[in-house]
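# Coordinates in review
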Amino acid sequence: MNEQNILIVRCGEVALKGMNKPYFERMLVDRIRKNLKSYKGVDVKRHEGLIFIRAEKDLDIEGIIKETAKVFGVASISKAVESESELNAIGSAAVEYMMDLIEKRGIKSFKVEAKRADKNFPVKSPEIGRIIGAKVLIGCKVLNVDVHNPDVLLHVDVRHDRTYIYEGKVAGFGGLPLGTNGKGLVLLSGGIDSPVAAWMMAKRGMLIEAMHFHSYPYTSPRAQEKVEDLARILASYCGRFKMHVINLLPIQEQIVEHCPEEETTILVRRFMMRIAERIAKDNDCMMLITGENLGQVASQTAEALVVTDASVKLPVMRPLIAMDKVDIMDKAKEIGTYETSILPYEDCCTVFLPKHPTTKPRLERILESESKLDCQALIEAAVSSQEIIDIKVE
């Protein structure tokens, strides 16, 4: 057997990038290396359209697989052994590999699936499968061939200089490597939706920064700590980023004092977007990202979203816009944010909540209400008072 652990990492959408494929692959290798930087004795390299991770035997290979699977752009990972690209050597390695599985799992049946990536190899794929299958049958007397429902589907990948033998694949999230699609600013609350929205945009290769609003002392420090916890979970996928924190209470108090109660929600939302746009432009973010979902609450009706968007010039990305709530919750559970998101701490959106918020706001009326406020001064005061928190991968 190999003296190293070998992982084969397959690119998903990256493989379809044509002439830009080498750039995306280099970015992907760089991201895998960053995720594995805590492991000493790990080597990550591109070779023949695949990425290979070689790790010393005493390292936690399952931990390495888990961290690699978090990297956006990774489609799947397989733990493999290698041999020379010569039939007898391949057969010996396959027998040893299967003997190890018999000892560990008590398997009884198998099937060989061969792939000849090196078209100069003198034997074609179906024949490779038959030859290696015969060698395994001779070397592992307890095994039978089962082409329909085998205990193990043994893959034999024949390449120019080496052949790789493996079974099974650990699924990654796919997508594109971080940093290949600019940077966006996500409005991050303590709810279920916005962390999922941030994750989904990062999966498309976008670097993120975060913007969080609170209403201290109406909202507690623990509520902000909850959002910081969510941000750290996101950082395990998205890498280190900044979170800009602003107290929205002075603006909320002005709105409550001078504007119609039913418009409070939409007016607050427009201020949040304007402040976020200022922060985004100051930090080279190309767009805003929100967790809004069509029709979920009063501020997320079609009419409300149109009025909200009219407050800013930057594009607003809403990756959850047409998803069912149950699907968003499932994704939150999958990425590990759900249990933190449902902790019962208040957020700024629940402060001064009107009894009957308008669900079909008209822009001219909202502009009339905003004319009673010194909007620019309120925005400047909020931006100048921001706290910046460095969110690191734990």
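The structure under discussion appears in the preceding block.
Let me begin by describing the structure that accompanies this report. Note that the structure is predicted; figures quoted are calculated from it, not measured.

### Some words on the overall build of the protein chain
On a plain count of helices and strands, the protein chain comes out with 13 helices and 15 strands. Taking 394 residues into account, the globule formula puts the C-alpha radius of gyration at 21 Å, and the protein chain, at 27 Å, lies well above it. Overall, the C-alpha framework of the protein chain stretches about 85 × 35 × 35 Å when taken along its three principal axes. Each of the 394 residues in the protein chain was classed as buried or not, and the buried ones make up 51%. By element, 52% of the accessible surface of the protein chain is carried by carbon and sulfur atoms, the whole surface being about 18,600 Å².

### Thoughts on the nonpolar core
Grouped together as the largest cluster of nonpolar side chains are 34 residues, with contacts concentrated most on Phe213 and Ile275. When residues of this core are traced back to their parent elements, those giving at least two are strand E10 (183-187), strand E11 (207-214), helix H7 (249-258), helix H8 (264-282), helix H9 (302-309) and helix H13 (375-384). Looking at this core element by element, the count peaks at 10 residues for H8. With residues up to four places along the chain from it excluded, the contact list for Phe213 reads Leu187, Ile246, Leu248, Met272, Ile275 and Cys348. Counting residues in hydrophobic clusters, the runner-up holds 33 residues, among them Phe72, Ala197, Trp199 and Ile335.

### Points about the pattern of salt bridges
In this structure the tally under the stated criterion is 27 salt bridges. The shortest N-O distance in the salt bridge between Glu209 and Lys242 comes to 4.0 Å. With a gap of 33 residues between them, Glu209 in strand E11 and Lys242 in strand E12 (residues 241-247) connect regions that are remote in the sequence. Among the charged side chains, a network of salt bridges with common partners joins Arg222, Glu225, Asp229 and Arg232.

### Brief notes about the packing of helix H3 (residues 87-105) against helix H4 (residues 125-139)
Contact pair H3 / H4: the axes reach a minimum separation of 9 Å and the direction vectors enclose 50°. The angle between H3 and H4 falls in the class oblique. Relative to H4, the crossing made by H3 is right-handed. Two secondary-structure elements touch here, H3 through Leu87, Asn88, Ile90, Gly91, Ala94, Val95, Met98 and Met99 and H4 through Ile131, Ile132, Lys135, Val136 and Gly139.

### Quick word on the packing of aromatic side chains
Any aromatic ring pair is given by two values, namely how distant the centres are and how the planes are angled relative to each other. Scanning all chains against the criterion turns up eight aromatic pairs. Ring centres 5.3 Å apart and planes at 75° place the aromatic pair Tyr23 and Phe24 in the edge-to-face group. With a relative accessible area of 36%, Tyr23 lands in the partly exposed category. Ring centres of Phe173 and Tyr237 lie 5.8 Å apart, and the angle between their planes is 70°; this geometry places the pair in the edge-to-face category. In this pair, Phe173 is assigned in the loop between strand E9 (170-171) and E10 and Tyr237 in helix H6 (residues 221-238), connecting sequence segments 64 residues apart. Judged by relative accessible area, which is 19%, Phe173 ranks as buried. Judged by its relative accessible area of 8%, Tyr237 is buried.

### Some details on the pairing of strand E7 (residues 152-158)
Across the seven residues of E7, six count as buried, placing the element largely inside the fold. Relative to E7, strand E5 (residues 109-116) runs parallel, the two sharing seven bridges. Residue pairing for E7: Glu113 is matched across the bridge by His155. Bridge analysis of E7 against strand E8 (residues 162-166) gives four bridges, and the strand direction is antiparallel. Note that in E8 the partner of His155 across the bridge is Tyr166.

Analysis parameters
Residues numbered from 1 in each chain as written. Predicted model: local features only at pLDDT ≥ 70, side-chain atom pairs only at ≥ 80, totals over all residues. Heavy atoms only, no water. Helix = DSSP H or I, 4+ residues; strand = E, 2+ residues; numbered from the N terminus. Rg over C-alpha atoms; globule rule 2.2 N^0.38 Å. Buried < 20%, exposed > 50% of the residue type's maximum accessible area, 1.4 Å probe, protein only. Areas by Shrake-Rupley, 256 points an atom, 1.4 Å probe, with all protein chains shown as cover. Core = buried A, V, L, I, M, F, W, Y, C linked by side-chain atoms within 4.5 Å. Contact = heavy atoms within 4.5 Å. Salt bridge = Lys/Arg side-chain N within 4 Å of Asp/Glu carboxyl O. Axes fitted to C-alpha atoms, helices over the stretch in contact; angles between N-to-C directions. Parallel < 35°, antiparallel > 145°, perpendicular 65-115°, else oblique. Left-handed = near helix turned anticlockwise from the far one by under 90°. Phe/Tyr/Trp six-rings, centres within 6.5 Å; stacked < 30°, edge-to-face > 60°. Pairing = 2+ DSSP bridges.

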